[in-house]
Amino acid sequence: MGIGRTDVSSHSSNSSETKPWVIMVPGVIPGEKVVVKIFRNFPNYSEADLVEILQASPERTVPPCPIADACGGCQWQHMSISLQREWKTRLVQEALEQYGVTYSEIQPCLGTDETLHYRSKLTPHYQQPAKSKRGVQNEKHIEAIGFQKQTSRQIIDVTECLIATPAVNAAYQAARDQLLSEPSTKKKGATLLFRQANLDDDYVESDHRVFLTTVVDGLKFTYRAGNFFQNNYYVLPIMVQELVAQAIKGDQMTHLADCYCGSGLFALSAAKHFDRVVGIEVNDLAIEEATTNAVANSISNVEFLSASAEGIFKVIQDFPRETSVVVVDPPRKGCSEEFLEQLYTFSPQRIVYMSCDPTTQARDAAGILKAGYSTTYIQPFDLFPQTRHIECLMVFEKKV
Ligand SMILES: C[S@@+](CC[C@H](N)C(=O)[O-])C[C@H]1O[C@@H](n2cnc3c(N)ncnc32)[C@H](O)[C@@H]1O
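Residues numbered from 1 in each chain as written. Predicted model: local features only at pLDDT ≥ 70, side-chain atom pairs only at ≥ 80, totals over all residues. Heavy atoms only, no water.

Draft legend 1. Quick peek at the UniProt feature "binding site: S-adenosyl-L-methionine" (unreviewed entry) in the protein chain. Here, UniProt's "binding site: S-adenosyl-L-methionine" (unreviewed entry) annotation points to Q230, Y260, E281 and D329. Within the secondary structure, E281 sits in strand β18 (residues 276-281). Note on E281: relative accessible area 14%, which makes it buried. The contact partners of E281, leaving out residues within four places of it in the chain, are Y260, C261, G262, A286, I287, L305, S306 and A307. (UniProt positions renumbered as here; feature names shortened; annotations may be inferred. Helix = DSSP H or I, 4+ residues; strand = E, 2+ residues; numbered from the N terminus. Buried < 20%, exposed > 50% of the residue type's maximum accessible area, 1.4 Å probe, protein only. Contact = heavy atoms within 4.5 Å.)

Structure follows, in structure tokens:
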């Protein structure tokens with residue numbers, strides 16, 4: 001057991017730092033004085049449970065979810081929303097400082113008032129059905145459906161997820177009641193899918209192959225229910241508008257490349273402001289969707305390519321560098337070295353980088369600055385309130 005100064009981290013649970021050793025403790029707020037009990041040691045840090053709060057932060061809140069302490073899904077429910085957003089901004093700042101990225105200011109983390117019941121997609125899991133403790137011999141039952149615990153891969157039973165929309169919760173509850181009530185014939189564990197396409201329509205899809213159409217700022221985006229599509233429709237239009245505004249800033253940009261384009265969200269949203277747009281994405285099915293989405297929205301100046309992001313540079317060789325924007329929105333691991341090297345050689349006037357991991361974004365930003373760019377804009381978004389996840393937009397302009 002020990003008492004220490006507390007800090008916060010975007011990577012795992014909150015950390016209680018008794019220098020030089022880092023102790024990760026879920027449910028702690030920076031500045032609080034706490035008693036913790038270490039249960040596991042790693043080479044660089046330990047993990048501990050919170051035993052007692054000796055001095056609570058004024059920003060401590062009662063988590064709205066009754067299983068917040070156990071469920072690994074939402075890690076920051078014990079903090080007020082304003083403190084969550086303050087920390088999201090601060091963690092972006094810390095990541096940039098860690099990689100020596102220079103900038104003039106970071107905008108405050110932008111979110112909406114919908115901090116619960118906002119998530120349009122839920123993917124709860126269950127483990128391999130076990131021999132029943134409920135009576136009948138040889139019958140197997142699913143014991144729990146929900147999400148991984150904070151401290152292990154074990155599934156905690158979740159009857160309702162407070163960050164999911166009411167329609168998604170209703171569909172989830174109906175499916176779970178059925179799965180739990182009957183003997184199971186399933187041989188393995190599985191992940192379920194519940195996805196709502198639009199907030200004004202309560203229809204929820206559970207088959208990952210079925211097409212859904214979501215309207216964002218008047219444009220229709222059709223995608224398979226199991227494919228990637230952003231899932232906070234309250235923040236999404238704000239995020240897209242901001243990205244487009246940054247891409248067209250100055251009204252002189254004529255060509256746009258959207259790398260890691262998914263089903264075409266950014267490319268198609270920005271298309272009317274550009275002469276030519278090319279999107280690239282490694283998932284063939286997403287490119288099929290993006291191409292269909294261009295036709296469905298009567299957009300004819302965009303083409304989509306199914307290939308790894310590095311493949312874009314062969315196709316956009318004729319883009320005028322001084323009026324070209326390259327948008328990147330890679331997965332959590334960030335951009336590959338190979339992609340970045342080709343990006344520097346291509347040398348567009350502007351790079352607009354959306355990321356769901358401030359650490360890999362900061363790492364890539366350091367390389368971009370070395371290649372002759374300066375940071376002109378940084379805007380974190382609270383796409384996932386109550387969780388430690390941070391979305392962040394950074395813009396880089398080529399130095400003259
Ligand atoms: C964060 S998503 C962004 C999608 C899109 N911008 C959107 O907002 O809907 C990242 C996308 O990168 C794609 N991806 C992953 N690795 C890739 C690679 N090496 N080259 C191109 N796309 C890749 C994934 O399939 C996924 O669609």
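Draft legend 2. Seen up close, the packing of helix α1 (residues 81-98) against helix α8 (residues 358-370). In contact at an axis separation of 8 Å, α1 and α8 are set at 35° when each is read in the N-to-C sense. Between α1 and α8 lies a crossing whose hand is right-handed. Counted together, V92, A95 and L96 of α1 and P358, T359 and A362 of α8 form the full contact between these two elements. Here the residues of the contact of α1 with α8 are counted per class, giving five nonpolar, one polar and no charged. (Axes fitted to C-alpha atoms, helices over the stretch in contact; angles between N-to-C directions. Left-handed = near helix turned anticlockwise from the far one by under 90°. Nonpolar A, V, L, I, M, F, W, Y, C, P; charged D, E, K, R; others polar.)

Draft legend 3. Fine view of the environment of D113. Inspection of the secondary structure puts D113 in the loop between α1 and β6 (121-122). Spatially, the C-alpha atom of D113 lies 41 Å from that of I316, the residues being 203 residues apart in sequence.

Draft legend 4. Structural view of the environment of T123. The topology assignment puts T123 in the loop between β6 and β7 (125-126). With relative accessibility at 28%, the residue T123 sits in the partly exposed group. Among all residues touching T123, those that are not within four sequence positions of it are F147, T191, L192 and L193.

Draft legend 5. Examining the sheet that holds β6 more closely. Here three strands make up an open sheet; going across it, the order is β6-β13-β14 and the pairing antiparallel. Since the sheet does not close on itself, it has two edges, and those belong to β6 and β14 (201-205), each with one partner. Both β6 and strand β13 (residues 194-198) contribute to a ladder of two bridges, which runs antiparallel. Residue K121 lies in a different strand from β13, and its bridge partner there is R195. In the packing of helix α2 (residues 166-181) onto the sheet, contacts are made with β6, β13 and β14, and the angle to β13 comes to roughly 150°. (Pairing = 2+ DSSP bridges.)

Draft legend 6. Local environment of the state of the cysteines. As enumerated under the stated definition, the model contains zero disulfides in all. In this structure C65 is a free cysteine whose sulfur lies 6.5 Å from that of C71, the closest cysteine sulfur available. Judged by its relative accessible area of 10%, C65 is buried. No disulfide involves C74; its sulfur sits 5.6 Å from the nearest other cysteine sulfur, which is in C161. (Disulfide = S-S within 2.5 Å.)

Draft legend 7. Spatial organisation of the confidence of the model for the protein chain. For the protein chain, per-residue confidence averages 92 on the pLDDT scale, and residues scoring 70 or more make up 94% of the total. pLDDT under 50 marks residues 12-18. Its contacts with residues more than four places away, or in other chains, come to 38 contacts. (pLDDT = per-residue confidence, 0-100.)

Draft legend 8. Focus on the nonpolar core. With 66 residues, the main nonpolar core has F274 and F304 as its most contacted residues. Examining the composition of this core, we find that seven residues originate from one element, helix α3 (residues 236-248), more than from any other. Of the residues that make up this core, three or more belong to each of domain 2 (86-115 + 229-398) and domain 3 (121-213). Leaving out residues up to four positions away in the same chain, F304 has contacts with C261, G264, A267, L268, G279, I287, A290, T291 and A294. Core analysis: the second largest hydrophobic core is formed by 42 residues, L83, I280, A309 and M394 among them. (Core = buried A, V, L, I, M, F, W, Y, C linked by side-chain atoms within 4.5 Å. Domains from an automatic or database assignment.)

Draft legend 9. Quick look at unusual backbone geometry. If you check the backbone angles, D217 has positive phi at about 55° while not being a glycine. Phi at Y260 is positive, roughly 65°, even though this residue is not glycine.

Draft legend 10. A look at the site of the ligand. The local shell around the ligand holds 15 residues, among which Q230, E281, S308, A309 and D329 are the closest. Here an oxygen atom of the ligand sits 2.9 Å away from a polar atom, N or O, in the side chain of Q230. Taking D329, its side chain carries an N or O atom lying 2.9 Å from a nitrogen atom of the ligand. Contact with the protein chains covers 85% of the free accessible surface of the ligand, which is 590 Å². Each residue belonging to the shell around the ligand can be placed in one class, and the counts come to ten nonpolar, three polar and two charged. (Near = heavy atom within 4 Å. Polar contact = N/O pair within 3.5 Å; in protein donor to acceptor, adjacent residues only side chain to side chain. Areas by Shrake-Rupley, 256 points an atom, 1.4 Å probe, with all protein chains shown as cover.)

Draft legend 11. Representation of the pattern of salt bridges within the structure. Per the counting criterion, the structure on display carries 13 salt bridges. A salt bridge links E289 to R224; the nearest nitrogen and oxygen atoms lie 2.8 Å apart. Separated by 65 residues along the polypeptide, E289 in helix α5 (residues 284-296) and R224 in strand β16 (residues 219-224) bring together distant segments of the chain. Accessibility expressed as a relative area gives 3% for E289, which makes it buried. R224 gets classed as buried once you look at its relative accessible area, which sits at 13%. Between D318 and R276 there is a salt bridge; the shortest N-O distance is 3.1 Å. Taken together, the positions of D318 in the loop between α6 (312-315) and β20 (324-328) and R276 in strand β18 put the pair 42 residues apart, joining distant regions of the chain. Under the relative-accessibility criterion, D318 is labelled exposed at 55%. (Salt bridge = Lys/Arg side-chain N within 4 Å of Asp/Glu carboxyl O.)

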